[in-house]
Amino acid sequence: MLAQINIQLEGNSLNFNMGSLFHGYLMEHIDTAYADYFHYNTTNPFTSCIYKEKDKYFWRITTYNKKAYYMIIETLKQNMPEQIYIRHKDTAFNVVSHYIQETSFEDLFLSNTKCNRITLLTPTTFKSNGTNQIFPSISTLLSGVIEKINKHSDSIMLSDEKIISELLEKTYIKDYNLRTKIFNLEGIKIKGFIGTMDLSIKGDNTLSQLLNFLILSSQYTGLGRKTSLGMGGVKI
């Protein structure tokens, strides 16, 4: 099960750097044992980020397995507050509205919606040779999506190594409009990239369908590192 909840917020000083603070709020308002479980994972079955769209700010949370859906999305649905109080800032943000989208990996794989553009809503990075990178490696980012799906999905496994290897080899960035951007994470400055990139592939319909599936899935899994703390937020 895939889901995302977008919560429109009002208040002063909202920005994407507050992603980790909203992550903290979320962990305080879900089951304690489940929140503790996330501390031991290198990847989590949810993402969380603060983003701006048309002069409005949103907190978006996505989940990509059933347990995360019921423990996070359902908890918020049943107990949506009028305000979200961030203790670290001693500030409350008004909840204006919210909406929820639900789908499945199977529906995305069979979708007739063809996508090649990825919009990075928040700074995105990945590590190579121990260093955060400031320009995308498509093979690394897509491998990350595949890894998250295989680790956390209840319903699908991408295990054909030959097909995956061919996909990663033949996918390329056709166009991009990216810039470097700093993400402040609890006093640590992480440099990443933000903007848009258009992907294409030199391959047959099977590879094109798989690439389209991974692009659509990335809005739920996020791209790169620290996607539950506010980085790597994706819009398709």
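See the structure shown above.
Residue numbering note: each chain is counted from 1, following its sequence as written. Residue-level local features of this predicted model are given only where pLDDT is at least 70; pairs of side-chain atoms are given and counted only at 80 or more, and the full residue set underlies all totals for whole chains, interfaces and linings. Side-chain numbers come from the whole structure's heavy atoms, not from hydrogens or water.

> I'd like a rundown of the side chain of R60, residues and numbers included.
We count a stretch as a helix when DSSP gives it H or I for four or more residues in a row; a strand needs E for two or more, and each element gets its number in order from the N terminus. Within the secondary structure layout, R60 lies in strand β3 (residues 56–63). Look at R60: it is buried, it has no salt bridge, and the nearest opposite charge is E53 at 8.1 Å. The buried label goes to any residue with under 20% of its type's maximum accessible area, the exposed label to any with over 50%, and the partly exposed label to all in between, with areas taken from a 1.4 Å probe on protein chains only. When charges are counted, neither His nor the chain ends are considered; positive counts come from Lys and Arg and negative counts from Asp and Glu. A pairing counts as a salt bridge when a side-chain nitrogen of Lys or Arg comes within 4 Å of a carboxyl oxygen of Asp or Glu.

> Run through the pattern of salt bridges, naming residues and quoting values.
Applying the stated criterion across every chain, the model contains five salt bridges. Put simply, R87 and E28 hold a salt bridge, and the shortest N to O gap is 2.5 Å. Residue R87 is found in the loop between β4 (83–86) and β5 (91–103), and its partner E28 is found in helix α1 (residues 19–28); the two are separated by 59 residues along the sequence. Its relative accessible area of 59% is what places R87 among the exposed residues.

> Before we move on, can you summarise the nonpolar core with the specific residues and values?
Working definition of a nonpolar core: buried Ala, Val, Leu, Ile, Met, Phe, Trp, Tyr and Cys residues. They are joined through side-chain atoms within 4.5 Å. Among the nonpolar cores identified, the biggest contains 34 residues, and L158, F213 and L214 are the most heavily contacted of them. Only α4 (105–109), β6 (117–124), α5 (138–152), α6 (161–170), β10 (188–201) and α7 (205–221) provide two or more residues apiece to this core. Broken down by element, the residue count for this core peaks at eight residues, all from α7. When checking whether two residues touch, look at their non-hydrogen atoms; a contact exists if any pair is within 4.5 Å. Once residues within four sequence positions are removed from consideration, L214 is found in contact with L142, V145, I146, I149, L158 and L167. With 29 residues, the next largest nonpolar core counts M18, Y34, F46 and V95 among its residues.

> With reference to specific residues and values, describe helix α3 (residues 66–78).
Taken residue by residue, α3 has A68, Y69, I72, I73, E74 and L76 as its buried positions. Buried-residue contacts for α3 involve β1 (2–10), α1, α2 (32–38), β2 (46–53), β3 and β5. Any N or O atom pair separated by 3.5 Å or less is treated as a polar contact, with the protein-specific requirement of one donor-capable and one acceptor-capable atom, and with residues adjacent in sequence counted only for side-chain atom pairs. Near the N-terminus of α3, the side chain that reaches the backbone nitrogen of K67, with its oxygen 3.4 Å away, is that of N65.

> Can you tell me about the environment of M197, naming the residues and giving the values?
If you trace the backbone, M197 turns up in strand β10. Classification of M197 as buried rests on a relative accessible area of 1%. The sequence separation of M197 and Y176 amounts to 21 residues, and the corresponding C-alpha distance is 4.1 Å. The contact partners of M197, leaving out residues within four places of it in the chain, are N116, R117, I118, L120, P136, I138, L141, I173, D175, Y176 and L223.

> Can you lay out the environment of I201 for me, pointing to particular residues and giving the numbers?
Relative to the assigned elements, I201 resides in strand β10. With 10 residues separating them in the primary sequence, I201 and K191 have C-alpha atoms 28 Å apart. Apart from residues lying up to four places away in sequence, I201 is in contact with L167, K170, T171, Y172, L207, S208 and L211.

> I'd love a proper account of the packing of aromatic side chains, names of residues and values included.
Whether two aromatic rings pair depends on their centres lying within 6.5 Å, for rings of Phe, Tyr and Trp, where Trp uses its six-membered ring; planes under 30 degrees apart make the pair stacked, over 60 edge-to-face, and the rest tilted. Under the defined criterion, the tally for this structure stands at 13 aromatic pairs. With a centroid separation of 5.4 Å and an interplanar angle of 20°, the aromatic rings of Y51 and F58 are classed as stacked. For Y51, a relative accessible area of 5% puts it in the buried group. Chaining the aromatic ring pairs together yields one cluster made of F22, Y25, W59 and F93. Sitting over the face of the ring of Y51, R60 holds its NZ or CZ atom 6.0 Å from the ring centroid. We call a charge positioned over a ring when the NZ of a Lys or the CZ of an Arg lies within 6 Å of the ring centre and within 35 degrees of the ring normal. Sitting above the plane of the Y172 ring, K202 keeps its charged end 5.5 Å from the centroid.

> Let's hear about the packing of α6 against α7: which residues, and what values?
To define axes, lines are fitted to C-alpha atoms, for helices over the stretch in contact only, and angles between the resulting N-to-C directions are given on a 0 to 180 degree scale. Two numbers describe how α6 lies on α7: the axes approach to 10 Å, and their chain directions differ by 80°. By the angle class used here, α6 and α7 are roughly perpendicular. Residues I163, E166, L167 and K170 of α6 lie in contact with α7, whose contacting residues are L207, L210, L211 and L214. Each residue belonging to the contact of α6 with α7 can be placed in one class, and the counts come to six nonpolar, no polar and two charged. Here roughly perpendicular refers to angles of 65 to 115 degrees, roughly parallel to angles under 35, roughly antiparallel to angles over 145, and oblique to all remaining angles. Each residue gets one label: Ala, Val, Leu, Ile, Met, Phe, Trp, Tyr, Cys and Pro are nonpolar, Asp, Glu, Lys and Arg are charged, and the others, such as Gly, are polar.

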